[in-house]
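A look at the structure
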Amino acid sequence: MHPVQRFSSRLGVRELAIEDAEAVFAIYGSPKATEHLSFEPRTRDQVAHIVARSIASATTDPRSEYALAVVERETTDLIGFGRIAMDPHQQRAATFGFALRPDTWGVGFGVETVRLLLGLGFEELDLHRIWGARSPLNEASAKTMLAAGMVEEGTIREHIFKAGQWRDSVVHAMLDREWATAATSV
C-alpha cells in the first residue's frame, strides 16, 4: 500500500520525503526524545540515511515497513515519526513504534499518533496483532498506549543494549477485535 495518508482531528501520517530529514533529526538527534528509545541519538547523516532508506522501502512489493511522518494537520509541520513493521515471526502481525518532538509532548499527540498507526494496521493492512515495546522507565509511553486501548502484556528481560548496559522492555499489544471495539467507542 502506497502512499499512506491518514488523519485524526489534529494530526496526520504520511509518507516521508527527503525534505523531512532535518525535522526527523530534531527527534532522532535529540537526547531527550531518544532517552527511552532503543538507540542513542542519531547524527544528521544517520537520519538522512534512515529517511532515504524509508522512502526506498515504501515502494517495495510486498511492503514490509511503513515509516511515516507524523504531521500537525493545521500547519503540516512534521512533529513525529511513526513506524509499523511486519513481524516475520507471527502471522498477520507487526511491531510498531513512535517518537514525537519533545516540544509537542503533553497535549495528547501521542495517543492520536498511536491510534493513527493502529488504524492503519488494522483497517488498511488487515493485521491481527500489533505490538510495541517501551522502556520500563517511560511512564508517559505506558499511559499513552493504555489510553489508546492497548494491553500491557509483560516484560522482555534484558531486551535492549543501550549505553553499555542491558535494559528490559515492557510489551503492549492490541488485537484486531480489540481495535474494532475501541474504534467504535472513540
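Structural data are supplied above this passage.
Residues numbered from 1 in each chain as written. Predicted model: local features only at pLDDT ≥ 70, side-chain atom pairs only at ≥ 80, totals over all residues. Heavy atoms only, no water.

Regarding its fold elements, the protein presents six helices and eight strands. Principal axes of the C-alpha set define a box for the protein whose edges measure 40 × 40 × 35 Å. The buried share of the protein, taken over its 186 residues, is 48%. Considering only contacts within the protein whose residues lie at least 6 apart along the sequence, 60% involve residues at least 24 apart. Total accessible area on the protein stands at roughly 9700 Å², and carbon and sulfur atoms take up 52% of it. Charge centroids of the protein, computed over 20 positive and 25 negative side chains, lie 2 Å from each other. (Helix = DSSP H or I, 4+ residues; strand = E, 2+ residues; numbered from the N terminus. Buried < 20%, exposed > 50% of the residue type's maximum accessible area, 1.4 Å probe, protein only. Contact = heavy atoms within 4.5 Å. Areas by Shrake-Rupley, 256 points an atom, 1.4 Å probe, with all protein chains shown as cover. Lys, Arg positive; Asp, Glu negative; His and termini not counted. Charge placed at Lys NZ, Arg CZ, Asp CG, Glu CD.)

Turning to the sheet that holds strand S1 (residues 5–7), a few remarks are in order. In spatial order, the strands read S1-S2-S3-S4-S5-S6-S8-S7; together these eight strands make up an open sheet with mixed pairing. Two strands lie at the open edges of the sheet, namely S1 and strand S7 (151–162), each paired on one side alone. Ignoring which end each strand starts from, the neighbouring axes of this sheet average 25° apart. Across eight bridges, S7 lies against strand S8 (residues 165–175) in antiparallel orientation. Each residue of the ladder has a partner; that of Gly154, found in S8, is Val171. (Pairing = 2+ DSSP bridges. Axes fitted to C-alpha atoms, helices over the stretch in contact; angles between N-to-C directions.)

As enumerated under the stated definition, the model contains five aromatic pairs in all. Considering the side-chain rings of Tyr28 and Phe81, the 5.0 Å spacing of their centres and the 55° angle between planes classify their relative orientation as tilted. Here Tyr28 is found in helix H1 (residues 21–28), whereas its partner Phe81 is found in strand S4 (residues 78–86), with 53 residues between them in sequence. Judged on exposure class, the residue Tyr28 and its partner Phe81 are both buried. Where Phe122 meets Trp179, the ring centres are 6.1 Å apart and the plane angle is 25°; that geometry is what we call stacked. Placement of the pair is Phe122 in helix H4 (residues 109–124) and Trp179 in helix H6 (residues 176–185), with a sequence separation of 57 residues. Taken together, the ring pairs connect Tyr28, Phe39 and Phe81 into an aromatic cluster. The ring of Phe39 carries Arg42 above its face, with NZ or CZ at 4.1 Å from the centroid. (Phe/Tyr/Trp six-rings, centres within 6.5 Å; stacked < 30°, edge-to-face > 60°. Lys NZ or Arg CZ within 6 Å of the ring centre and 35° of its normal.)

The next thing to look at is the environment of Glu65. With respect to the element layout, Glu65 can be found in strand S3 (residues 65–72). By relative accessible area, Glu65 is classed as buried at 10%. Spatially, the C-alpha atom of Glu65 lies 12 Å from that of Leu120, the residues being 55 residues apart in sequence. When near neighbours in sequence (up to four residues on either side) are disregarded, Glu65 contacts Arg53, Ser57, Arg83, Ile84 and Ala85.

Quick look at the nonpolar core now. With 29 residues, the main nonpolar core has Ile84, Phe96 and Leu118 as its most contacted residues. At the level of secondary structure, the elements contributing two or more residues to this core comprise strand S2 (11–15), S3, S4, strand S5 (93–100), H4 and H6. Here this core gets eight residues from one element, more than from any other, and that element is H4. If near-sequence neighbours (up to four positions away) are discounted, Leu118 is found in contact with Glu123, Ile130, Ala148, Met150, Met174 and Trp179. Counting 18 residues, the second-largest nonpolar core is a separate cluster that includes Phe25, Tyr28, Leu37 and Val71. (Core = buried A, V, L, I, M, F, W, Y, C linked by side-chain atoms within 4.5 Å.)

Okay, the environment of Gln91 next. Mapped onto the elements, Gln91 comes out in the loop between S4 and S5. Overall, Gln91 belongs to the exposed group, its relative accessible area being 76%. Separated by 38 residues in the primary sequence, Gln91 and Arg129 have C-alpha atoms spaced 8.6 Å apart.

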